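Spelled out, the chains give:
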Amino acid sequence: MRLSVFGCGYLGAVHAAAMASIGHKVVGVDVDPRKIESLAKGEAPFFEPGLQQLLTEGIASGRLSFTTDASAARGAKVHFVGVGTPQQAGGHAADLTYVNTAIDDLLPQLSAGDIVAGKSTVPVGTAAELAPRIAAAGAVLVWNPEFLREGWAVQDTIDPDRLVAGVPSGEEGQRAAEVLREVYHPAVAKGTPFIVTDYATAELVKVSANAFLATKISFINAMAEIAEATGADVTQLADAIGHDARIGRKFLGAGIGFGGGCLPKDIRAFAARAEELGRGESVNFLREVDAINLRRRERAVQLVVDGLGGSVYGKKVAVLGAAFKPHSDDVRDSPALDVAVRLNGLGADVVVTDPQAIENARRLHPQLTFEADRDETIRGAAAVVMVTEWDEYRRELSPEHAGSLTGGRVVVDGRNGLDAAAWRAAGWSYYGMGRP
Ligand code: UDX
């Protein structure tokens, strides 16, 4: 099938490449010429495992192309919209500028019978507002939220846990759902749940899924705070409650909390939208979820200060990690970088390393010192702070080796990813999050 994808960021570029890999003919459209130039050459403009290969294969097969020219979308049967919906400047609501611009660019390209599939995360009610404009062009709008995780985006796109299609009522909606089933044929053929809903439900599925995940993380981080007051160990607690299948161990990793381009802004936008709907109290707890999450960053900083005897001023602190999570170069709202910035603000001589995210981090925080080499970062440091659990730090850095490089033996494990007993046995003062 011929497809177009508007927006070639973390979501759209992966979607375009993944759709080409399952046999569609896809054109990716973006307003950023630098991004398009890189993608058209088959070069991924950001780090996402597996993407590079799909781009190379897709372009070589002739099924995948990228352009800044929206008219290239003409003739495609389904047009995906996967542009960003960042947090508004000066507010908590979602900024829909890019969605509106993409729709404006797309409208003149539509033919009767086309389908526009919205993938961006939007406030509930957006699809219903956009639908009449798309219907006026003879096309049908469906809302098809995306649940991909960065770092696993290719796999999550080709083989998702579920597919959701919010469609208009009547035959036209059912027909549009059928076309989406064809688009996602390999997943549908293997029995992936395909849930057809109305617009509002589809939009809410996405934001409520992210709200639930954020709540789960903040729940365990709240338990970490209680553990800190009582001498309990939150990692054992998570293991124990996680054995209950109703609870599950996933997303019970206590640490410096969630960040990235989705969870933080999505829970804020959800609360803002609920407020507009007169239902603010229904999701008041999301404010607590956000507050708990942000407190944990400060806790990690406090552990470094305590570990260094009350002051970090003028002391070298090695920060391992800048990305908001491993297998990503994304530093948007990264708790790791936030910890580094706070330590820097306290006068520490902070050096930050990361296997993938240094370039992005430097652009955002040029005041910080970055070092590509892990061991050089650690050399001579008074304290080591692990804030993104890359294997390079979590598994491949032995406490003995680290100890041979550092000045002091203070380690703060912002992700509870290190083997505390091994680090202590090697003479380190180990500080975890919610652990004795
Ligand atoms: C998230 C959702 O998982 C995905 O379904 C949605 O489409 C987009 O938002 P992503 O932002 O890629 O995906 O990251 P995710 O893997 O969910 O992690 C989010 C943050 O939570 C990271 O900063 C991670 O370090 C943190 N996290 C995750 C924890 O602090 N503890 C955990 O147990 C799990």
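Counting from 1, residues in each chain are numbered in the order their sequence is written. Side-chain atom pairs in this predicted model are given and counted only at pLDDT of 80 or more, local residue features only at pLDDT of at least 70, and totals for whole chains, interfaces and linings cover all residues. No hydrogens and no water enter the side-chain calculation; it runs on all heavy atoms of the structure.

(A) Representation of the overall build of the protein chain in the model. Each helix is a run of DSSP H or I of at least 4 residues and each strand a run of E of at least 2, with the numbering of both proceeding from the N terminus. Per the secondary structure count, the protein chain includes 18 helices and 14 strands. With the radius of gyration taken over C-alpha atoms, the globule rule is written as 2.2 Å times the number of residues to the power 0.38. The C-alpha atoms of the protein chain give a radius of gyration of 23 Å, which matches the 22 Å a tight globule of 436 residues would have. Viewed in the frame of its principal axes, the protein chain has a C-alpha envelope of about 70 × 50 × 40 Å. Each residue is assigned to one of three classes by its accessible area relative to the maximum for its type, calculated with a 1.4 Å probe on protein chains only: buried under 20%, partly exposed between the two thresholds, exposed over 50%. Counting all 436 residues of the protein chain, 55% fall into the buried class. Within the protein chain, counting contacts between residues at least 6 apart in sequence, those at least 24 apart form 72% of the total. Within this scheme the basic residues Lys and Arg register as positive and the acidic residues Asp and Glu register as negative, but His and the chain ends are omitted. Here the site of a charge means atom NZ of a Lys, CZ of an Arg, CG of an Asp or CD of a Glu. Taking the average place of the 44 positive charges on the side chains of the protein chain and the average place of its 54 negative ones, the gap between the two points comes to 2 Å. Contact criterion: two residues are considered in contact whenever any of their non-hydrogen atoms come within 4.5 Å of each other.

(B) Here's a closer look at the side chain of Thr 377. Here Thr 377 lies in helix H15 (residues 374–378). Assessed through its relative accessible area of 0%, Thr 377 is described here as buried. In this structure the side chain of Thr 377 is engaged in a polar contact, spanning 2.8 Å, whose partner is the backbone oxygen of Asp 373. Setting aside anything within four residues of it in sequence, one finds Thr 377 in contact with Lys 316, Ala 318, Val 319, Leu 320, Val 351, Val 352, Thr 353 and Glu 371. Two N or O atoms form a polar contact when they lie within 3.5 Å of each other; inside protein one atom must be a possible hydrogen donor and the other a possible acceptor, and for residues adjacent in sequence the pair counts only when both atoms belong to side chains.

(C) Spotlight on the layout of surface pockets. Only protein atoms enter the 1 Å grid used here. Points where a 1.4 Å probe fits but cannot escape make up a cavity, open sets with protein on both sides within 12 Å along at least five of seven lines make up a pocket, and a residue lines them when an atom lies within 4 Å of a point. Grid points are joined across faces, edges and corners, and a volume is the space filled by probe spheres set on the points. Here the second largest pocket is characterised by a volume of approximately 190 Å³. Those elements giving two or more residues to the lining of the second largest pocket turn out to be helix H5 (126–136) and helix H11 (263–276). Looking at which element gives the most residues to the lining of the second largest pocket, the answer is H11, with four residues. A per-class count over the lining of the second largest pocket returns eight nonpolar, four polar and three charged. In this document the domain limits rely on a domain assignment from an automatic tool or a database. Three or more residues apiece are contributed to the lining of the second largest pocket by two domains, here domain 1 (2–197) and domain 2 (204–436). When residues are sorted by character, Ala, Val, Leu, Ile, Met, Phe, Trp, Tyr, Cys and Pro go into the nonpolar class, Asp, Glu, Lys and Arg into the charged class, and all the rest, Gly among them, into the polar class.

(D) Expanded view of the sheet that holds strand E10 (residues 349–353). Only strands that DSSP links by at least two bridges are regarded as paired with each other. Strand order in the open sheet formed by six strands is E11-E10-E9-E12-E13-E14, and the pairing between neighbours is parallel. Where the open sheet ends on each side, the last strands, each with one partner, are strand E11 (369–370) and strand E14 (429–431). Structural elements are reduced to axes, namely lines fitted to C-alpha atoms, with helices fitted over the stretch in contact, and the angle between N-to-C directions of any two is expressed from 0 to 180 degrees. Docked against the sheet, helix H12 (residues 285–307) engages strand E9 (316–320), strand E12 (383–386), strand E13 (410–413) and E14, running at close to 170° with respect to E13.

(E) Looking closely at the pairing of strand E5 (residues 115–118). With burial as the criterion, each face of E5 is covered, one bearing Ile 115 and Ala 117 and the other bearing Val 116 and Gly 118. One ladder, built from four bridges, connects strand E4 (residues 78–81) with E5; its direction is parallel. Along E5, the bridge assignment pairs Val 81 with Gly 118. Viewed with both strands pointing away, a crossover whose connecting path from the first strand over the helix to the second turns clockwise is right-handed. Note on the crossover from E4 through helix H4 (residues 97–106) to E5: the handedness is right-handed. With four bridges joining them, E5 and strand E6 (residues 140–143) adopt parallel strand pairing. Its bridge partner being in E6, Val 116 is matched across the sheet by Leu 141. In this region the chain leaves E5, passes through H5 and returns to the parallel neighbour E6; the handedness of that crossover is right-handed.

(F) Expanded view of the domain arrangement of the protein chain. What the domain assignment reports for the protein chain is domain 1 (2–197) and domain 2 (204–436). The distance between the C-alpha centroids of domain 1 and domain 2 comes to 32 Å. Taken residue by residue, the interface counts 24 residues in domain 1 and 22 residues in domain 2. What gets called buried area is simply the loss in accessible area from a 1.4 Å probe that two parts show on being joined, summed for both. Considering only the side of domain 1, the residues that lose the most area to domain 2 are Phe 47, Val 124 and Glu 150, jointly responsible for 33% of the buried surface there. By definition, a salt bridge exists where a carboxyl oxygen of Asp or Glu is found within 4 Å of a side-chain nitrogen of Lys or Arg. Ionic pairing is found between Glu 150 and Arg 332, a salt bridge with its closest N-O pair at 3.2 Å. Linking domain 1 with domain 2 are ten residue pairs in polar contact (both at pLDDT 80 or more). Residues that form the side of domain 1 that touches domain 2 fall into these classes: 14 nonpolar, six polar and four charged.

(G) Looking closely at the packing of helix H9 (residues 199–230) against helix H10 (residues 234–242). Look at H9 against H10: their axes get within 9 Å of each other, and the N-to-C directions meet at 135°. The pairing of H9 with H10 is recorded here as oblique in orientation. Remark: the crossing between H9 and H10 carries right-handed chirality. Where H9 approaches H10, its residues Phe 219, Ile 220, Met 223, Ala 224 and Ala 227 are matched on the opposing element by Val 234, Leu 237, Ala 238 and Ile 241. Classifying every residue of the contact of H9 with H10 gives nine nonpolar, no polar and no charged. Oblique is the label for every angle not falling under 35 degrees (roughly parallel), over 145 degrees (roughly antiparallel), or within 65 to 115 degrees (roughly perpendicular). Handedness of a crossing is defined here by the sense of rotation of the near helix relative to the far one, left-handed for an anticlockwise turn of less than a right angle and right-handed for a clockwise turn.

(H) Seen up close, unusual backbone geometry. Unusually for a residue other than glycine, His 327 sits at a positive phi of about 65°. Owing to a relative accessible area of 31%, His 327 belongs among the partly exposed residues under this scheme. For Asp 333, which is not glycine, the phi torsion reads 45° and is therefore positive. Its place among the elements puts Asp 333 in the loop between E9 and helix H13 (335–345).

(I) Structural view of the packing of aromatic side chains. Any two of the Phe, Tyr and Trp rings considered here, Trp counted by its six-membered ring, make a pair once their centres fall within 6.5 Å; the pair's planes then place it as stacked at under 30 degrees, edge-to-face at over 60, or tilted in between. Using the criterion set out here, one finds four aromatic pairs in the structure. Centre to centre, the rings of Phe 47 and Trp 390 are 6.4 Å apart; their planes meet at 50°, and the pair counts as tilted. A residue pair is termed long-range when its members are at least 10 positions apart, and Phe 47 in the loop between helix H2 (33–40) and helix H3 (51–61) and Trp 390 in the loop between E12 and helix H16 (391–394) qualify at 343 residues. With relative accessibility at 25%, the residue Phe 47 sits in the partly exposed group. Its guanidinium or amino end placed over the ring of Phe 147, Arg 162 lies 3.6 Å from that ring's centre, counting from NZ or CZ. Comment: the charge-over-ring label is applied if NZ (Lys) or CZ (Arg) is within 6 Å of the ring centre and within 35 degrees of the ring normal.

(J) Region of interest: the nonpolar core. Side-chain atoms within 4.5 Å are what join buried Ala, Val, Leu, Ile, Met, Phe, Trp, Tyr and Cys residues into a set we call a nonpolar core. Counting 51 residues, the largest nonpolar core has Val 304, Leu 308, Val 317, Val 319, Leu 343, Val 352 and Trp 423 as the members making the most contacts within it. Dropping the residues within four chain positions of it, Trp 423 is found in contact with Leu 397, Ser 398, Pro 399, Ala 402, Val 411, Leu 418, Trp 428 and Tyr 430.

(K) Main features of the environment of Val 301. Along the chain, Val 301 turns up in helix H12. On the basis of relative accessibility, which here comes to 1%, the residue Val 301 falls in the buried class. Taking the C-alpha atoms as reference points, Val 301 and Ile 256, 45 residues apart in sequence, are found 9.8 Å from one another. Beyond its immediate stretch of four places on either side in the chain, Val 301 contacts Val 339, Arg 342, Leu 343 and Leu 346.

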